[in-house]
Amino acid sequence: MTLMEILTQVLEVIAALAAAPLFLGWVNQCRAWLQNRSAPSLWLPYRGIRKLFHKDAVIAESASPLFRIAPYIVFGAMAVAAAIIPSMGTRLPLTTAADAIALVGLLATARVFMSLAAMDVGTAFGTLGARREMMVGFLAEPALLMVIFVASLISATTALPAITEHLATQAPALYPSLAFTAIAFTMVLLAENARIPIDNPATHLELTMIHEAMLLEYSARHLALMEWAAALKLFNYACIGFALFIPWGVSTGADSPAALLASIPLLAVKLAMAGAGLALIETVSAKLRVFRVPEFLTAAFLLAVLGLLVHLLLRA
Amino acid sequence: MAVTTPFDLQLLNLCAALLLLLSFAMLAQRRIVTLVNLLALQGGLLFVATLLLAWRTGQHHLYFSAALTLALKVIFLPWLLHRLIRRLQVYWDTEPLLNISGTMLAGLVVVVFAFGLAQPISALASTATRNSIGIAVAVVLLSFITMITRRKAMSQVVGFLSMENGLFFGAMSATYGMPMIVEFGVALDVLVAVLVLGIFFFQIREQFDSLDLHHLESLKEEQ
């Protein structure tokens, strides 16, 4: 463990924490442009979080301690996840502790605590949101695991940085299996981050909401943490996508500060393009009925398994 | 990476993978117009794959079968089916016998089965594309499922044609295509089959006022 590795690790976590709201703001801005609305400021998510931190928290009388600690657990899980994902460099000291399967477990922990907290107060909406979240989660998680397995099979390891390093340094080749799983991953990303075909992040329309329904009881610093964690989750998913499907430009191997510095603008470019793409998907697709969600996620799972099978058959 | 496969073989593999994906898309599709378009797309992929293989192996008869594929499966049959759809006014299949998610998962099991089935054949074959045999078998079996789970005669014909595409692809991957005379014969058979089935469609509709094959199950005349 060299100084450079520790530096990379710290830089990645700080960058994720700092840039996540900016990424969310960028997606919202792109969406507004595409929908011919006047765009909100890029810094709006930061202002929202700052405003919420300055308020006094109001907590329901029936809330248990779980309700109070859930935001910290969710935020903590997302921050640790950000530490495992190789967004800038692949030599991360923390990765020996957790591989890609543990990463999926971390995301699941966050989901479970969020749902428990939503059901804790006992309002109808919280329970509704939590149940829907669990439904989406239990269908999306196997698909995400399958996506990771395909990349693991190709590079013969489940550690995410090692996968990225292998994919980034090998001779360029066409991988139909990775193309399938990339589509599957995009579908999982949309579902897990409450984006449009599954959930509308911009509405409180009560009958259709999933993510927002779980946050209704939260206020002030708890809500700020939850919203920050949601932004961080989107950022993390985008970085997992880069790590698996566009790994080029991440600093691999050598202990050179130059490579690390060069990876920062590249990450920014990738994020800008991913945000614009996400906004485009959200603009051109209509929200699905909740009962159609399993079909959507079955398709994602199917694509991921097809990728796996195609890889096993064709070695490609 | 142990061995790097040459680029044209990678492209062929990509075609094979996309063929499999298209079969699943057909399995999930409920609109008949889109189903026919997907069939045309499948034919187009087959055309590209045949061309690539012809170029790779230098077998001239594959160019002819590519041309045949283009003319028959990409242009003529889809055009014929579109015309039939317009004249018969069938745009949607009724709800399939199994729900979509269930069909998809059944399809996955079938793909695993097909890959297992094709393994010994692939081991015996000596062609560069022998790995794709499993995909061809899977396409055939998936088309079977398409035919089994649909009620409308039109979707069943599309399933039948897609099955023929799968067989063609299988022959191509296993032995670089059938002899020219066999290929012509099969092409003619398919053509005649679709023409005859087109006439059948009109007869079925005359008789039952619907293209739902469900009606054909009652054999007795109404008393």
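Residues numbered from 1 in each chain as written. Chains lettered and ligands numbered in written order. Predicted model: local features only at pLDDT ≥ 70, side-chain atom pairs only at ≥ 80, totals over all residues.

(A) Looking closely at the overall build of chain A. When helices and strands are tallied, chain A shows eleven helices and zero strands. In terms of overall dimensions, chain A is globule-like: its C-alpha atoms have a radius of gyration of 19 Å, near the 20 Å expected for 316 residues. Dimensions of chain A, computed from the C-alpha atoms along their principal axes, are close to 60 × 45 × 40 Å. (Helix = DSSP H or I, 4+ residues; strand = E, 2+ residues; numbered from the N terminus. Rg over C-alpha atoms; globule rule 2.2 N^0.38 Å.)

(B) Looking closely at the overall build of chain B. Across its full length, chain B holds seven helices and zero strands. N-terminal to C-terminal, the α/β element order of chain B is α-α-α-α-α-α-α. Here chain B has a C-alpha radius of gyration of 18 Å; the compact-globule value for 223 residues is 17 Å, and the two agree. Judged by the C-alpha coordinates and their principal axes, chain B covers about 70 × 35 × 25 Å. Taking as baseline every contact in chain B between residues at least 6 positions apart, the subset at least 24 positions apart corresponds to 74%. (Contact = placed C-beta atoms within 7 Å.)

(C) Highlighting the interface of chain A and chain B. On the side of chain B, 22 residues touch chain A, which itself brings 17 residues to the contact. At the level of secondary structure, the elements contributing two or more residues to the side of chain A that touches chain B comprise helix H7 (176-192) and helix H11 (293-314) of chain A. The leading source of residues in the side of chain A that touches chain B is H11 of chain A, at ten residues. In the side of chain A that touches chain B, the residues fall into 14 nonpolar, two polar and one charged. (Nonpolar A, V, L, I, M, F, W, Y, C, P; charged D, E, K, R; others polar.)

(D) Local environment of the nonpolar core. By size, the foremost hydrophobic cluster in this structure holds 157 residues, and its most contacted members are Ala143 and Val188 of chain A together with Leu20 of chain B. A total of 18 residues in this core trace back to one element, the largest contributor, which is helix H9 (residues 220-245) of chain A. Beyond its immediate stretch of four places on either side in the chain, alanine 143 of chain A contacts Ala184, Val188, Leu297, Ala300, Phe301 and Ala304 of chain A. (Core = buried A, V, L, I, M, F, W, Y, C linked by C-beta atoms within 7 Å. Buried ≥ 20, exposed ≤ 12 C-beta atoms within 10 Å, placed from the backbone.)

(E) Highlighting the confidence of the model for chain B. Taken as a whole, chain B shows an average pLDDT of 82; of its residues, 93% reach a score of 70 or greater. Overall fold confidence (pTM) sits at 0.85, and the ipTM for the predicted complex is 0.77. (pLDDT = per-residue confidence, 0-100.)

(F) View of the environment of alanine 168 of chain A. Residues and elements named next belong to chain A. Mapped onto the elements, alanine 168 comes out in helix H6 (residues 160-169). Along the primary structure alanine 168 and serine 115 are separated by 53 residues, whereas in three dimensions their C-alpha atoms are 37 Å apart. Excluding residues within four positions of it along the chain, alanine 168 makes contact with Pro247, Trp248, Val250 and Thr252.

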